[in-house]
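# Per-entry structural report
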Amino acid sequence: MTKYIFVTGGVVSSLGKGISAASLGKLLEARGLSVAMLKCDPYINVDPGTMNPFQHGEVYVTEDGAETDLDLGHYERFLNKEMHHTNNITAGRIYETVIARERRGDFLGMTVQVIPHITDEIKSRFKLPAKGADIVIIEIGGTVGDIESLPFLEAARQMGLEAGRENTLYIHVTLVPFIKASEELKTKPTQHSVAKLRELGISPDIIVCRSEKPLSSEIKAKISMFCSVPKESVVDAPDVASIYEVPMVFDKQGLDDQVVMLLRLRSRAKDLESWSTVVHRLKNPKHEVQIALAGKYTDYKDAYKSVHEALVHGGIANDCRITVRYLDTSSPSILEDLHGVHGILVPGGFGDRGIEGKVKVTGLAREERIPFLGLCLGLQIAVVEFGRSVLKLSGAHSTEFDPKTRYPVIDLLPEQKAVQAKGASMRLGTYECCLKKGSLAHKAYGTATVQERHRHRYEVNNKFRKLYEDAGLQVTGTYAPKNLAEIVELRDHPWFLAAQFHPEFKSRPESPHPLFRDFVAAALARSRGLDRRPAGVKPAGRGFSGEDHG
Ligand code: GLN
């Protein structure tokens, strides 16, 4: 019998429910249990693909091409396991399905209602990932008390009845704020939030308390008494330097022991060795590098979550702390802002704000031999910049930003030109990429072909390919069936590589992505003045040199 664990959130949003759910998943998996994850998002969008990243952070793309919530990224990174479209549901998706069935006549004669029709559909989606899993951890987005999440909470309550209380567990993640004036941690918001959950028919079994400081035994006892959970089931989640420490924090307090006991699960001894090594390396790096992330959603770090994490993983592989400098390329001082960085990353994106700044930044990386990694839009920008500066194709651009450009070096394929509806219509998910022998990519991956995830509409225009290759920007990865450029690399540069896909989605703390690993290694070499310059190539003279950054 599959067991269900529901994770709800109280008091405020952004408590890190996703990290808590993923960390618990990690601990249970480390005990040999098979864990499936599901994220429920109460908004009406069918998926987050049409939303601005400022709303809910990055859109995480799964292997099967689903555009999903960024928490699925945490699940994949912590559990080292692939998620699919069935691991994320939204209110929009649920309503879309129920309404389509109503139109088909599946409910003839009935009034279609939230209870039971919407809640039944939600419950059927709870059960989908359960196949073959010992446990499904279901994270319900939003905060208890929101109107939007009510059908999901009602479905979670009903699951307790259907699957039986011994097979269902409710974990409530709340905030215990620290009031500076009185120097006290306050439990009242938690008490209210638990009371609210009870009104909806759910009594939490475990309370995870997010706080700035560790909770004292007295505070835990108070929460235990007022919220009616045993003291051992009040778990403390104080702020930690790295999210990867959270499983260790829970491990110390026996969170998974509680879960296993309450759900009457049998498991083997926990093996957290590899994870502990990751955390140890993360906390004790020998080196440090500064990487510029030259994007546009720089005030909202969640917009680049996977990129940030993949850089951290690249750091783990190189024994190196990564300081990420988030730079807004629409800033007039963008080139000066780059001073002292050891590597430049231009991430994916849509829309034209900051585009010319990205072109400048990429030109600087090319000329000043600063290690460069371009991702998706980052590749397109590298192609535009090289076209304009080296090939002298004046005004070269992507037709996304200049539909009338004389040199459409990045353009739509005919099938994308025909696209009318914007939802789920990009080139999405995994495609095979064949690597050119001897290239940076080939050296990094160590294989002839790789599978990587996509999310874009525009492609490198093959009409100009020969011109580019002859002048030194080579296509080193291709999607063979359509001869599409997937990776470009600059000759005579310490490390300049851009990918049309998103390698960041496949990086894990326990297995850092090879491109991020080698990019960080190149940045580290630059920081130590080891930037190997091929014989005969003079250092470029715009005021930055490898040694300047030592
Ligand atoms: N806007 C570009 C495209 O659609 C790049 C997308 C991205 O960076 N994910 O092709």
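It should be emphasised that the depicted structure is a prediction, and the values quoted were computed from it without experimental measurement. (Residues numbered from 1 in each chain as written. Predicted model: local features only at pLDDT ≥ 70, side-chain atom pairs only at ≥ 80, totals over all residues. Heavy atoms only, no water.)

Taken in spatial order, the three strands make up an open sheet running β16-β17-β20, and their pairing is mixed. Looking along the sheet, the strands with just one partner apiece sit at the ends: β16 (397-398) and β20 (458-460). Relative to strand β17 (residues 408-412), helix α15 (residues 377-389) is tilted by about 150°, and along the sheet it contacts β16, β17 and β20. (Pairing = 2+ DSSP bridges. Helix = DSSP H or I, 4+ residues; strand = E, 2+ residues; numbered from the N terminus. Contact = heavy atoms within 4.5 Å. Axes fitted to C-alpha atoms, helices over the stretch in contact; angles between N-to-C directions.)

Before going further, it helps to spend a moment on the packing of aromatic side chains. Going through the model one piece at a time under the given rule, you end up with 13 aromatic pairs. With a centroid separation of 5.4 Å and 35° between ring planes, the pair formed by F78 and Y244 is classed as tilted. Here Y244 lies in the loop between β11 (234-238) and α9 (246-252) and F78 lies in helix α3 (residues 71-79), a separation of 166 residues in the sequence. Between W495 and F519, the aromatic rings sit 5.9 Å apart at their centres with planes inclined by 40°, giving tilted as the arrangement. Taken together, the residues span a long stretch of sequence, with W495 in the loop between β22 (484-490) and β23 (496-499) and F519 in helix α19 (residues 514-527) at a distance of 24 residues. Just as W495 is buried, F519 falls in that class too. Chaining the aromatic ring pairs together yields one cluster made of F6, F126 and Y170. (Phe/Tyr/Trp six-rings, centres within 6.5 Å; stacked < 30°, edge-to-face > 60°. Buried < 20%, exposed > 50% of the residue type's maximum accessible area, 1.4 Å probe, protein only.)

Around the ligand lies a shell formed by G348, G349, F350, C376, L377, Q380, E400, R455, H456, R457, Y458 and H502. R457 is positioned such that a nitrogen or oxygen atom in its backbone is 3.0 Å from an oxygen atom of the ligand. Y458 places a main-chain nitrogen or oxygen 2.8 Å from an oxygen atom of the ligand. Expressed as a share of its isolated accessible area of 300 Å², the protein-covered part of the ligand is 98%. Contributions of two or more residues to the shell around the ligand are made by α15 and β19 (449-456). (Near = heavy atom within 4 Å. Polar contact = N/O pair within 3.5 Å; in protein donor to acceptor, adjacent residues only side chain to side chain. Areas by Shrake-Rupley, 256 points an atom, 1.4 Å probe, with all protein chains shown as cover.)

Per-residue confidence for the protein chain averages 94 on the pLDDT scale, and 96% of its residues sit at or above 70. Every residue in residues 534-550 is under pLDDT 50, and counting partners more than four places away or in other chains gives 31 contacts. (pLDDT = per-residue confidence, 0-100.)

What follows covers the side chain of R465. Tracing the backbone shows R465 in helix α18 (residues 465-471). Buried R465, no salt bridge; nearest opposite-charge side chain is E469, N-O distance 4.1 Å. (Lys, Arg positive; Asp, Glu negative; His and termini not counted. Salt bridge = Lys/Arg side-chain N within 4 Å of Asp/Glu carboxyl O.)

For the coordinates displayed, the defined rule picks out 41 salt bridges. When the shortest N-O distance is used, the salt bridge between E184 and K186 registers 3.2 Å. Where E415 meets K482, a salt bridge forms, and the shortest distance between an N and an O atom there is 2.4 Å. Of this pair, E415 sits in helix α16 (residues 414-417) while K482 is found in the loop between β21 (473-479) and β22, placing the two residues 67 residues apart along the sequence. Residues joined in a network through salt bridges with shared partners are R31, D251, D256, D257 and K270.

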